[in-house]
Amino acid sequence: MASVLILLGAPGAGKGTQSSRLAGSLGTPHVATGDLFRANLSQGTPLGAQAKEYMESGQLVPDALVIDMLFDRVSQADCATGYLLDGFPRTLEQAEALDTRLSSSTHVRAINLDVPTESLVERATGRLLCRGCEAIYHKSYAPPATAGECTKCAGELYQRADDAEAVVRERLTVYEQQTKPLLAYYKTQGKLTQISGDGAPDEVYQRLTACLEGAA
Ligand code: AMP
């Protein structure tokens with residue numbers, strides 16, 4: 001039976017960090033719509049050009065663009081038995097489109113990483129990404145061994161333009177209005193588990209794996 005795991009959470013909640021680790025240990029593809037858009041942006045594709053303005057201002061890219069891009073990605077052979085979604089869905093329309101697409105036999109589970117708002121701003125504004133392998137660091141909580149350099153691949157580290165404080169605050173407002181209602185959506189379907197995303201990445205990871213093992 002195919003299985004789709006959805007990691008939900010506000011910007012800065014740790015979805016990217018936890019998803020890439022979890023996908024690695026589960027051996028399942030990590031499908032992150034933000035990463036797909038950033039790849040389109042850096043490759044200068046028409047989709048990247050359409051998404052750019054929305055991303056830079058902290059707004060959501062229109063549903064039709066996101067849904068087409070996501071469905072293209074999950075149609076690939078590596079996703080046939082399941083995948084882990086990070087950053088999708090972010091609106092009710094996206095969640096409904098996903099439900100319509102998945103067969104009724106697909107096992108769907110949503111886990112929300114719950115983090116207090118004050119921590120979210122600090123986490124997002126301190127985040128650094130590797131241009132080479134997309135590893136995620138934090139200036140204070142998870143610094144690289146050498147400043148400005150990825151500890152895994154020696155790639156250059158950079159701050160996402162949309163991690164500037166004003167944009168992060170806008171992204172949090174957008175989250176409250178458009179994405180938070182998904183918690184009720186998945187709760188009503190009996191598919192939601194809430195876990196605390198507060199604390200060090202290792203602690204959160206232990207909670208996540210305990211929660212997945214408990215459900216096995
Ligand atoms: P992320 O890396 O998940 O924080 O996404 C970065 C940006 O990409 C978001 O702020 C949005 O502009 C855009 N984006 C990513 N995923 C979605 C989505 N599911 N729906 C709409 N916009 C998205």
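Note: the structure precedes this text.
Report on the accompanying structure. Values in this document were obtained by computation on a predicted structure and should not be read as measured data.

Conventions and cut-offs
- Residues numbered from 1 in each chain as written.
- Predicted model: local features only at pLDDT ≥ 70, side-chain atom pairs only at ≥ 80, totals over all residues.
- Heavy atoms only, no water.
- Phe/Tyr/Trp six-rings, centres within 6.5 Å; stacked < 30°, edge-to-face > 60°.
- Lys NZ or Arg CZ within 6 Å of the ring centre and 35° of its normal.
- Core = buried A, V, L, I, M, F, W, Y, C linked by side-chain atoms within 4.5 Å.
- Buried < 20%, exposed > 50% of the residue type's maximum accessible area, 1.4 Å probe, protein only.
- Helix = DSSP H or I, 4+ residues; strand = E, 2+ residues; numbered from the N terminus.
- Contact = heavy atoms within 4.5 Å.
- Expected span 1.5 Å × (residues − 1).
- Arc of directions from axis to C-beta.
- Pairing = 2+ DSSP bridges.

A look at the packing of aromatic side chains
And then number 1: Counted according to the given criterion, the structure contains one aromatic pair.
And then number 2: Just above the ring of Phe71 sits the side chain of Arg101; from NZ or CZ to the centre is 4.7 Å.
And then number 3: Across from the ring centre of Tyr158, 4.3 Å away, lies the NZ or CZ of Arg131, which sits over that ring.

A closer look at the nonpolar core
And then number 1: Ile6, Tyr83, Leu85, Leu98 and Tyr186 are the most contacted members of the largest nonpolar core, which totals 52 residues.
And then number 2: Among the elements that take part in this core, helix α4 (residues 63–74) stands out by supplying six residues, more than any other.
And then number 3: Discounting chain neighbours no more than four positions away, the residues touching Tyr186 are Ile6, Leu8, Pro89, Ala95, Leu98, Ala110, Lys191 and Leu192.

Some points on helix α1 (residues 15–26)
And then number 1: Relative to the 16 Å expected for twelve residues at 1.5 Å per residue, α1 spans 16 Å between its end C-alpha atoms, a close match to the ideal helical length.
And then number 2: Of all the residues in α1, the buried ones are Lys15, Gly16, Gln18, Ser19, Leu22 and Ala23. End-on view of α1: buried residues confined to an arc of 160 degrees, all on one side of the axis.
And then number 3: Those residues of α1 that are buried lie in contact with β1 (3–8), β2 (30–32), β3 (82–86), β4 (107–114), β6 (136–138) and α9 (201–214).
And then number 4: Backbone geometry just after α1 places Gly27 at a positive phi near 70 degrees.

A short note on the pairing of strand β5 (residues 127–130)
And then number 1: Because side chains alternate across β5, one face comprises the buried residues Arg127 and Leu129, and the other comprises Leu128 and Cys130, equally buried.
And then number 2: Bridge analysis of β5 against β6 gives three bridges, and the strand direction is antiparallel. Its bridge partner lying in β6, Arg127 is registered against His138.
And then number 3: Pairing geometry for β5 and strand β7 (residues 157–158), over two bridges, is antiparallel. Across the sheet, the residue bridging to Cys130 is Leu157, located in β7.

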